[in-house]
Amino acid sequence: YQAKLAGKNCARYYDNVMNQAVERHVRLETELRGAWDRGELSMVYQPVFRVSDNAVVGAEALLRWHHPELGEVPPTVFIDVAEKTGLIEMIGPKVMVAACRDAARWPSVDGGAPPFVSVNVSARELRSGDLPRSVAKSLDYSGLDPGRLLVELTETAMIGDEAHAGRLLQQLRATGVRVWLDDFGTGFSGLSHLRRVPVDGVKIDRSFVADILHDADDLALTTAIIAMARSLGITVIAEGVENRAQYELLRERGCDLAQGFSLAYPMSADEFIELCKRTRTDELPV
Ligand code: C2E
Ligand code: MG
Ligand code: MG
Ligand code: MG
């Protein structure tokens, strides 16, 4: 309507922009459909550290898409396409199998327990109801101890049928798999989810962590989330830790685990194995 008011040229301009966006989306969808079979999708692992003694305790599995012409397509872009088109229901289970298979090969760290792997699961995957079966199959194939698998869900993944989500997650937890709430603090009703959906941990969104040194409100919120998690008896993880000072401050406030570019970038499964071998620690928690 606004475009019409602004005249014909303008309308054409908007049409073009729209068409380009639609075309790009369609192109990505077409390309993504065969990407796994062409070997363009791969997993990287970002180490997770225990703040109290800097031990490596696990890693988050992150999907990468290298397209021969488009180059590296960011996960924020292609996961969104995969969600909207339903392709995620095909890709998600493959990610779960790959992550469990990789993690099954990880060595114990300094004589302690081997690290956990946490896998991101999107809203649509949760809603499809196939998650417990896909997880069980992946554990079965890989022989991975369920206690070493974690599932990360965002708050928005619960929106809609919270009771259904709660039942699925409870089913998972009964098998020993743990559940974390990802990007915690960015949703509208994080606290109310915690009442109805059983979780083992919360990951403080990196938008909070980013400014804890300079923004008193962000520090207050981060500190409050840590305190809340502790009194609920669940694990609290900070993501996006980009410098030493943030890490020290999080330690001071009692944060359990941390992840971020200042600690380690996402790496291949083999590089992660090397990191585990180099690390010393007593006992693995979470
Ligand atoms: P997320 O689950 O919140 O993952 C954390 C993201 O933050 C990752 O981006 C990671 O590389 C990035 N990150 C880690 N440390 C830092 C830091 O210190 N600073 C900054 N600026 N960023 C940091 P990535 O790999 O691009 O993934 C983006 C999102 O895509 C993920 O956010 C997740 O929601 C989604 N995603 C990635 N892989 C998968 C997957 O296999 N399945 C599903 N469903 N979603 C995935
Ligand atoms: Mg995550
Ligand atoms: Mg996150
Ligand atoms: Mg995030």
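Look up a bit, the structure's there.
The notes below deal with the structure included here. The structure presented is a predicted model; accordingly, all values stated were derived computationally and were not measured.

It is worth spelling out the pattern of salt bridges at this point. When the charged atoms of two side chains with opposite charge come close together, those side chains can pair. Following the criterion strictly, the structure yields 18 salt bridges and no others. A salt bridge links D200 to R173, with the nearest nitrogen and oxygen atoms 2.9 Å apart. Of this pair, D200 sits in the loop between α8 (190-196) and β7 (201-204) while R173 is found in helix α7 (residues 162-174), placing the two residues 27 residues apart along the sequence. Classification of D200 by relative accessible area gives buried; the value is 18%. Note that R251 is salt-bridged to E248, the shortest N-O span being 3.1 Å. Taken together, the residues span about one helical turn, with R251 and E248 both in helix α11 (residues 244-252) at a distance of 3 residues. Take R251: its relative accessible area is 27%, and that puts it in the partly exposed class.

Time to look at the coordination of the magnesium ion (ligand 3). Protein-derived coordination of the magnesium ion (ligand 3) comes from D182 (OD), D183 (OD) and E239 (OE), at a distance range of 1.9 to 2.7 Å. Positions of the donor residues of the magnesium ion (ligand 3) along the chain correspond to the pattern D-D-x55-E. The metal-metal distance between the magnesium ion (ligand 3) and the magnesium ion (ligand 2) is 3.5 Å, with D182 coordinating both. Residue D182 is classed as buried on the basis of its relative accessible area, which comes to 6%. Exposure remark for D183: the relative accessible area of 23% places this residue in the partly exposed category.

Bound to the magnesium ion (ligand 2) are the protein donor atoms E60 (OE), N120 (OD1), E152 (OE) and D182 (OD), situated 2.1 to 2.2 Å from the metal. Each donor residue of the magnesium ion (ligand 2) belongs to the same chain, with the gaps between them written as E-x59-N-x31-E-x29-D. Given a relative accessible area of 1%, E152 falls into the buried group.

Counting residues in each nonpolar core, the largest one holds 79 residues, and the members touching the most others are L32 and L149. For L149, the contacting residues outside a window of four places in its chain are M96, C100, V117, V119, V135, L139, L144, V177 and R178. In terms of nonpolar packing, the next biggest core, distinct from the first, is built from 7 residues, V48, F116, L150 and W180 among them.

Any two packed helices are characterised by how steeply their axes cross, that is the angle between the axes, and by the distance between the axes. Remark: helix α4 (residues 88-103) packs on helix α6 (residues 131-142), axes separated minimally by 9 Å, with the N-to-C direction vectors making an angle of 30°. Classed by the angle they form, the pair α4 and α6 counts as roughly parallel. Crossing angle aside, the handedness with which α4 passes α6 is right-handed. Together, P93, M96, V97, C100 and R101 of α4 and L131, S134, V135, S138, L139, Y141 and S142 of α6 make up the contact between the two elements. The class makeup of the residues in the contact of α4 with α6 is 8 nonpolar, 3 polar and 1 charged.

Summed over all chains, the structure comprises 5 aromatic pairs. Arranged with centres 5.1 Å apart and planes meeting at 90°, the rings of Y45 and W106 form a pair that is edge-to-face. With Y45 in strand β1 (residues 41-50) and W106 in the loop between α4 and β4 (116-120), the pair connects residues that are 61 residues apart, well separated along the chain. Like Y45, the residue W106 is buried in the burial classification. With a centroid separation of 5.4 Å and 80° between ring planes, the pair formed by F116 and W180 is classed as edge-to-face. Here the residue F116 occupies a position in strand β4, and W180 occupies one in strand β6 (residues 178-184), the gap between them amounting to 64 residues. Grouping residues by exposure puts F116 and W180 together as buried. Through a chain of ring-to-ring contacts, three or more aromatic side chains come together here, namely Y45, W106 and F272.

Cut-off values and rules
- Residues numbered from 1 in each chain as written.
- Chains lettered and ligands numbered in written order.
- Predicted model: local features only at pLDDT ≥ 70, side-chain atom pairs only at ≥ 80, totals over all residues.
- Heavy atoms only, no water.
- Salt bridge = Lys/Arg side-chain N within 4 Å of Asp/Glu carboxyl O.
- Helix = DSSP H or I, 4+ residues; strand = E, 2+ residues; numbered from the N terminus.
- Buried < 20%, exposed > 50% of the residue type's maximum accessible area, 1.4 Å probe, protein only.
- Donors = N, O, S within 2.8 Å, 3.2 Å for Na, K, Ca; no water.
- Core = buried A, V, L, I, M, F, W, Y, C linked by side-chain atoms within 4.5 Å.
- Contact = heavy atoms within 4.5 Å.
- Axes fitted to C-alpha atoms, helices over the stretch in contact; angles between N-to-C directions.
- Parallel < 35°, antiparallel > 145°, perpendicular 65-115°, else oblique.
- Left-handed = near helix turned anticlockwise from the far one by under 90°.
- Nonpolar A, V, L, I, M, F, W, Y, C, P; charged D, E, K, R; others polar.
- Phe/Tyr/Trp six-rings, centres within 6.5 Å; stacked < 30°, edge-to-face > 60°.

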